[in-house]
Every structure is written in structure tokens, then in C-alpha cells.
Amino acid sequence: VIWRAKAILKSHLDPVRSLAFLPTSELALVSGSDDGTAKLWNLRPVASSRRTPADVEPVFTFRGHTAGVTSVSVSTDGRTLYSGSLDSTVMAWKIPNVAREMYTPTDAVWAVRPSPQPQHVPLLASASADGTVRLWNARHDASAQDKLFATLRHPSAAGISSGGRGPLLAAPAAVDWLPTYPRRLAVAFRNSTVLLYDVEKATPVLELDSSMTFDGTAATQINSIVCHPTLPLLVSAHEDRYLRFFDLNTGKRILRYDSVSSVDILADGSAVISGGHDCSVRWWDVAALSSSLASTSSSTEAFAAASPPSADEAAGAAAAGPACLQEFPAHRPRFDEGVCAVRAHPALPGVAASAGADAACRVFFHGDASLAAAAAV
């Protein structure tokens, strides 16, 4: 059984930078593009279409940003779309048709991610070019003075300035919440460091072994991170096209693979999906890692600092590492870019999508069983 491209989404005018599926069993996708818009796509007809791949038109276009949309994410209840942009704003949109600007960072926004635990104070994390990660109270009835919950910075970021001039090595590039530790947030910085933060104390509790290959330039920075839904595992995608796996209990690097620009994990945790500027989408089997990772602990001692892995440890991990299950040439190159983003459906492990610099999105289904399940929702 292999992954098949079932749809091509071609309504954007410029490269597509980010994707987000609506949660639960909804077959709907949101894309964000350099053309300044986000688009909502209904994928239900795709599951029953006999054309491969099928052409799909967006059901709604979200307009309001004055610059490219760099990140899109959907709340866990599926009612709100969050979009971050180069125009230094994060916008919250009521799906499908009401928009309002709720949060105002002070510089370009590279990533937004709502917390997966809405029963607590619902938080929205935004990573900005001003060197900060801001945690916002995402309750719609929160007052203006209560919107900002906390501000996170890299420990070495004191005194840095932005204004869009020059590289900010300590500026955040990507964020993701840890499903196994609900009040922990992973933040990847341009200097290739990844820190785990306690959001209640707004302080880092663990630094991952992620910066060993950083050479002081943007050529080795981190572009994307994602946390496994059940295992203490984080995967990072780097500008040098390497995919790296980390044990969140120890902070140690387990493995690395090359040719990667974006990464996500399937809903059932069985595989990692990655995209690269070689224009291909790949699926990686992570089953071999489950036995090598230590059991997840809820205690803070699990976040103790760790030394880099030894040569023997690295060799042993590589021998039991994920195998590439499938490679799919998905997009055409443009401006030296290929695949800009990949996203797995949060509830249907047999559905995924990719976004490319060719201004197109592709939707993938895994086998006939996935098609039947998708058609039934």
C-alpha cells in the first residue's frame, strides 16, 4: 500500500508556505501563501473522485494581511484559524468568514501554534522576528490587557534588536507543544538551538543537542520542528537539508537524514512525513524508535541537561533508525525552492498534504482504506 496524490490545489499566485488541516474528521485544509492570503479547501469530493489527481477550488479566501502569510494553524475545536504574516500581525479568523486582528507582535511572525489542551487556559504561541515567543490567552472574551500571557526569549537574546535589519541568530524560527507534557513548549531558534520551556514559569528547562552543526550562518538554521503525539520524540528540519530526531527525556540527538525543509508526524504516530527543496515528499517509518526511547515521565527530572551522544550511541541509533517508506516527486522547483511545507491530518493518519514554491498544494491518501474512511466523514 502506497501514498497517492489525489488532488492539486492551484489557486494561490505565489509560493505556499504553510498548511493546516481542520481537526477531528473534517476533510478540510487551510493554506497560507506569499500572496498574502489564506485559503480554505473542502477535500471531501477528493475522496470519492475517480480523477487522479483531482482539481479542487477553494471554498473561501481569507484576505486581510498586507504581506505574505508565513504560518497557519487551526484551534482544537476547529472554529478558529490563526495566521502569522510578514506584516507583523497574527490574525484570528472565525471559520469560515469573519476575521478580526487579536494579537499584535512587533515584527514579522514566523510561526503560530495553539495549545492542544483547551481545558486549561487556551494559549496561542507565536514566534516573531523580534526575538520573542509570545504566549497569548486565546479566549475570545479575554480583555486586551489579559491577552498577553507570557513572553519567552532565548537566554542569550538580551539586548538584541530587530527592525528587519540583519540576521537575528537568537530569534525563534518554529514552535510546537509537547503532547506528552501539555505545559511544555518546544522553541527552535535561528542559531539551531531547541529549548523546552515551562510555560507557567516562562523559563527553559532543557536544551536539546541540536546546535552541534551550526556554523554561524543561516545555511544551517532550523526551519521546522514537530513533536510526536505519544513518544518523547522531537523531529527538526534544517536549512542544510538534514532531518534530525531527538529524545525529549534526555535531549540527545538520535538520528539525522538529509534533504529536508519541513516535517510533520502522522496522527497515529506511525511515520514522519518530510518535504525538501529537492521537490520530493518522503514518509519515514519511526516504529524502530519506540523501543529505544525511554518511557515518558511527568516529573521535571526528565528534563535534566544531557551530554551529546557518544559515537557508539549514534551508531546504534542509526542502525535501528527510521527507513524511508516512500518518496514522491511532488512539486516543481522555483527560485531554488521545492517543497515549502508538509502537514499530516490531525485525526486521519491516511491523509496528508504538501505545499510548494510552484504555488500548488498536493493532497495525499494512503491506500483504499483511507479513501473509504475519508469519504465517510
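Structure: see above.
Quantities reported herein were computed from a predicted structural model and do not represent experimental measurements. (Residues numbered from 1 in each chain as written. Predicted model: local features only at pLDDT ≥ 70, side-chain atom pairs only at ≥ 80, totals over all residues. Heavy atoms only, no water.)

A. Structural detail: the overall build of the protein. The secondary structure content of the protein amounts to 4 helices and 29 strands. Per-residue burial over the protein gives 58% buried out of 377 residues. Taking all contacts inside the protein whose residues are at least 6 apart in sequence as the whole, residues at least 24 apart take part in 53%. On the protein, roughly 15,100 Å² of surface is accessible, and the fraction owed to carbon and sulfur atoms is 51%. (Helix = DSSP H or I, 4+ residues; strand = E, 2+ residues; numbered from the N terminus. Buried < 20%, exposed > 50% of the residue type's maximum accessible area, 1.4 Å probe, protein only. Contact = heavy atoms within 4.5 Å. Areas by Shrake-Rupley, 256 points an atom, 1.4 Å probe, with all protein chains shown as cover.)

B. Summary view of the sheet that holds strand β6 (residues 60–63). With antiparallel pairing, 4 strands are arranged side by side in an open sheet as β2-β3-β4-β6. Of all the strands in the sheet, the pair left with one neighbour each is β2 (16–21) and β6. Neighbour to neighbour, the strand axes of the sheet diverge by 20 degrees on average, direction disregarded. Relative to strand β3 (residues 28–33), β2 runs antiparallel, the two being bridged by 5 bridges. Residue Ser-18 lies in a different strand from β3, and its bridge partner there is Gly-32. (Pairing = 2+ DSSP bridges. Axes fitted to C-alpha atoms, helices over the stretch in contact; angles between N-to-C directions.)

C. Representation of the pairing of strand β23 (residues 262–265). Judged by which residues are buried, β23 turns out to be covered on both faces: Ser-262 and Asp-264 on one side and Val-263 and Ile-265 on the other are all buried. Note that β23 and strand β24 (residues 271–275) share 4 bridges and pair antiparallel. Within β24, the position partnered with Ile-265 by the bridge is Val-272. Where β23 hands over to β24, the hairpin turn is made up of 5 residues, of which Gly-269 adopts a positive phi near 75 degrees.

D. Spotlight on the side chain of Ser-128. Tracing the backbone shows Ser-128 in strand β12 (residues 123–128). Note on Ser-128: relative accessible area 1%, which makes it buried. Only 3.3 Å separates the side chain of Ser-128 from the backbone oxygen of Ala-108, close enough to count as a polar contact. (Polar contact = N/O pair within 3.5 Å; in protein donor to acceptor, adjacent residues only side chain to side chain.)

E. Highlighting the sheet that holds β12. Read from one edge to the other, the open sheet built from 4 strands follows the order β11-β12-β13-β14, with strand pairing classed as antiparallel. The strands lining the two open edges of the sheet, one partner per strand, are β11 (109–114) and β14 (148–153). Strand-to-strand, the axes of this sheet are offset by a mean angle of 20 degrees, without reference to chain direction. Across 5 bridges, β12 lies against strand β13 (residues 132–137) in antiparallel orientation. Looking across to β13, one finds that Ala-127 is bridged to Val-133.

F. Local environment of unusual backbone geometry. Positive phi values are uncommon outside glycine, yet Ser-192 reaches one of about 70 degrees. Relative to the assigned elements, Ser-192 resides in the loop between β16 (181–189) and β17 (194–198). Even without glycine at this site, Phe-335 takes up a positive phi of about 55 degrees. On the secondary structure map, Phe-335 appears in the loop between β26 (323–329) and β27 (339–344). Classification of Phe-335 as exposed rests on a relative accessible area of 62%.

G. Looking closely at the packing of aromatic side chains. Applying the stated rule across the entire model yields 5 aromatic pairs. Residues Trp-3 and Trp-283 carry aromatic rings whose centres are separated by 4.9 Å and whose planes lie at 15 degrees to one another, so their mutual orientation is stacked. Placement of Trp-3 in strand β1 (residues 3–9) and of Trp-283 in strand β25 (residues 280–285) is noted, with a sequence separation of 280 residues between them. Look at Trp-283 and you get buried, because its relative accessible area is 0%. (Phe/Tyr/Trp six-rings, centres within 6.5 Å; stacked < 30°, edge-to-face > 60°.)

H. Spatial organisation of the pattern of salt bridges. Overall, the coordinates contain 9 salt bridges when judged by the stated rule. Residue Asp-264 pairs with Arg-343 through a salt bridge whose shortest N-O separation is 3.4 Å. Residue Asp-264 is found in strand β23, and its partner Arg-343 is found in strand β27; the two are separated by 79 residues along the sequence. Accessibility expressed as a relative area gives 16% for Arg-343, which makes it buried. A single network of salt bridges, built from pairs that share partners, joins Arg-17, Asp-34 and Glu-337. (Salt bridge = Lys/Arg side-chain N within 4 Å of Asp/Glu carboxyl O.)

I. View of the nonpolar core. Counting residues in hydrophobic clusters, the biggest one holds 20 residues, and the most contacted among them are Leu-9, Leu-19, Leu-27, Leu-29, Leu-43 and Val-363. Broken down by secondary-structure element, the contributors of at least two residues to this core are β1, β2, α1 (44–48), β28 (351–356) and β29 (361–366). (Core = buried A, V, L, I, M, F, W, Y, C linked by side-chain atoms within 4.5 Å.)

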